[in-house]
Amino acid sequence: MELYADAVAETPHGVTVTLDVTAGAKRSTFPAGYNEWRRSIKCQIAAPAVGGKANRAITDLLAATFGVPRADVEIITGHTSSSKTVAIAGISRSHALTRLNASGT
């Protein structure tokens, strides 16, 4: 089984990705590991969790990682939580897993 497979689900418009976010890290890193208990991909963001700065940084980082426009990345649950579900439009689950495994630590 692929490392991040449990955290990525196919949808009619793309995929959803389950994240475990740490805001205020030394540097932004994605993927920063895998949380097997939460079945989520770890994401470290340098921006603080104040005024939506971390959420904007997450959408920017995921858009760059998956090679999609920022407008195709949307946080759908967990806006004020460290556990988030993010929808990414226009990509397949296999493409997402390929990009994650290529970027993975």
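The rules we used
Residues numbered from 1 in each chain as written. Predicted model: local features only at pLDDT ≥ 70, side-chain atom pairs only at ≥ 80, totals over all residues. Heavy atoms only, no water. Core = buried A, V, L, I, M, F, W, Y, C linked by side-chain atoms within 4.5 Å. Buried < 20%, exposed > 50% of the residue type's maximum accessible area, 1.4 Å probe, protein only. Helix = DSSP H or I, 4+ residues; strand = E, 2+ residues; numbered from the N terminus. Contact = heavy atoms within 4.5 Å. Salt bridge = Lys/Arg side-chain N within 4 Å of Asp/Glu carboxyl O. Expected span 1.5 Å × (residues − 1). Polar contact = N/O pair within 3.5 Å; in protein donor to acceptor, adjacent residues only side chain to side chain.

Colleague: Teacher, can you tell me more about the nonpolar core here?
Modeller: For soluble globular proteins, nonpolar side chains are generally found buried alongside one another. Within the largest apolar cluster, 29 residues are counted, with the highest numbers of intra-cluster contacts made by L19, F30, I41, I45, L62, F66 and I88. At 7 residues, helix α1 (residues 53–66) tops the list of elements feeding residues into this core. Ignoring any residue separated from it by four or fewer positions in sequence, one finds L19 in contact with F30, S40, I41, I58, L62, S82, S83, K84 and V86.

Colleague: Teacher, can you tell me more about unusual backbone geometry here?
Modeller: What is expected of a backbone is that most residues other than glycine have negative phi and most peptide bonds are trans. Cis geometry is adopted by the peptide bond preceding P31, which originates at F30 and carries an omega value of -10°. Secondary-structure assignment places P31 in the loop between β2 (14–23) and β3 (34–35). Phi at R39 is positive, roughly 50°, even though this residue is not glycine. Structurally, the position occupied by R39 is in the loop between β3 and β4 (40–45).

Colleague: Explain the pattern of salt bridges to me, please; I cannot follow it from the model alone.
Modeller: Where charged atoms of side chains with opposite charge meet at close range, the side chains can pair. Summed over all chains, the structure comprises 3 salt bridges. Here D6 and R39 are joined by a salt bridge, their closest N and O atoms 3.9 Å apart. Here the residue D6 occupies a position in the segment before β1 (8–11), and R39 occupies one in the loop between β3 and β4, the gap between them amounting to 33 residues. In this structure, D20 and R38 form a salt bridge, with 2.9 Å as the shortest nitrogen-oxygen distance. Note that D20 is positioned in strand β2 and R38 in the loop between β3 and β4, a separation of 18 residues in sequence.

Colleague: Any chance you could explain the environment of E2 here in plain terms?
Modeller: Locating E2 in the fold gives a position in the segment before β1. Separated by 26 residues in the primary sequence, E2 and S28 place their C-alpha atoms 23 Å from one another. Filtering out sequence-adjacent residues up to four positions away, E2 remains in contact with L97 and N101.

Colleague: Help me understand α1, please; the structure alone is not making it clear to me.
Modeller: Owing to its 3.6 residues per turn, the α-helix brings residues three or four apart onto one side. Between its first and last C-alpha atoms α1 spans 20 Å; for 14 residues at 1.5 Å apiece the expected length is 20 Å, and the two agree. Here α1 lies mainly inside the structure; 10 of its 14 residues are buried. Taken residue by residue, α1 has A54, N55, A57, I58, T59, L61, L62, A63, T65 and F66 as its buried positions. Its buried side turned inward, α1 meets β2, β4, β5 (73–77), β6 (83–89) and α2 (93–103). G67 sits one or two residues past α1 and shows a positive phi near 70°.

Colleague: Would you take a moment to explain the environment of S94 for this structure?
Modeller: Inspection of the secondary structure assignment puts S94 in helix α2. Here S92 takes part through its side chain, which lies 3.2 Å from a polar atom of the side chain of S94.

Colleague: Just checking my understanding: could you explain the side chain of T16 for this structure?
Modeller: Mapped onto the secondary structure, T16 falls in strand β2. Residue classification places T16 among the buried residues on the basis of a relative accessible area of 18%. Beyond its immediate stretch of four places on either side in the chain, T16 contacts A7, V8, A9, T11, I76, T85, V86 and A87.

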